Amino acid sequence: MDIIRIILAILLPPVGVFLQVGLGLHFWINILLTILGYIPGIIHAIWIIARR
C-alpha cells in the first residue's frame, strides 16, 4: 500500500498525505506547500508517508 501512496504523492501530493493521515494538520500543511510550490509538496508528502 505504501507504493500506491508514494505514487499518488508524486502525482497529487495532498492525496497521498490524506490517505496516510486523513484531514489532519499535515494534510493542510501539504495543501499549502503544494500551492506554494509543487516540489515542496511532494517532498513533504513522501516524508509523511515514509515516517509513518
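Please refer to the structure placed before this passage.
It should be emphasised that the depicted structure is a prediction, and the values quoted were computed from it without experimental measurement. (Residues numbered from 1 in each chain as written. Predicted model: local features only at pLDDT ≥ 70, side-chain atom pairs only at ≥ 80, totals over all residues. Heavy atoms only, no water.)

## Topic: the overall build of the protein chain
Heads up, the rule is: A run of H or I in DSSP becomes a helix once it reaches four residues, and a run of E becomes a strand once it reaches two; helices and strands are each numbered from the N terminus. All radius of gyration figures rest on C-alpha atoms, and the globule criterion is 2.2 Å times the number of residues raised to 0.38. Should any heavy atoms of two residues lie within 4.5 Å, those residues are considered in contact. Accessibility throughout is a Shrake-Rupley quantity obtained with a 1.4 Å probe, and a residue counts as covered only by protein chains that appear here.
If you tally the helices and strands in the protein chain, you get 4 helices and 0 strands. What you see in the protein chain, going N to C, is helices and strands ordered as α-α-α-α. Compactness check: the protein chain gives a C-alpha radius of gyration of 9 Å against a globular reference of 10 Å for 52 residues, within 12% of the reference. A fraction of 47% describes how many contacts in the protein chain between residues 6 or more apart in sequence connect residues 24 or more apart. Accessible surface, the protein chain as shown: approximately 3300 Å² in total, 80% of it carbon and sulfur.

## A few points about the environment of Ile 48
Note that Ile 48 resides in helix 4 (residues 38-51). Sequence separation of Ile 48 and Trp 28 is 20 residues, and the distance between their C-alpha atoms is 13 Å.

## Examining the packing of aromatic side chains
Keep this limit in mind: Ring geometry is summarised as follows: Phe, Tyr and Trp rings, the Trp one being its six-membered ring, pair when their centres sit within 6.5 Å, and such pairs are stacked at plane angles under 30 degrees, edge-to-face over 60 and tilted between the two. Here's how the labels work: a residue is buried when its accessible area is under 20% of the maximum for its type, exposed when over 50%, partly exposed in between, all with a 1.4 Å probe on protein chains only. Look at NZ for Lys and CZ for Arg. If either is within 6 Å of the ring centre and within 35 degrees of the ring normal, a charge sits over the ring.
The tally for this structure, following the rule as stated, stands at 2 aromatic pairs. An angle of 65° between the planes, with centres 5.9 Å apart, marks the rings of Phe 18 and Phe 27 as edge-to-face. Taking the relative accessible area as the measure of exposure, Phe 18 reaches 40% and is therefore partly exposed. Judged by its relative accessible area of 10%, Phe 27 falls in the buried class. On the basis of an interplanar angle of 75° and a centroid distance of 5.0 Å, the ring pair of Phe 27 and Trp 28 is categorised as edge-to-face. Looking at Trp 28, the relative accessible area reads 51%, which means it is exposed. Pairwise contacts between aromatic rings join Phe 18, Phe 27 and Trp 28 into one cluster. Stacked on the ring of Trp 47, the Lys or Arg Arg 51 has its end atom at 4.7 Å from the ring centre.

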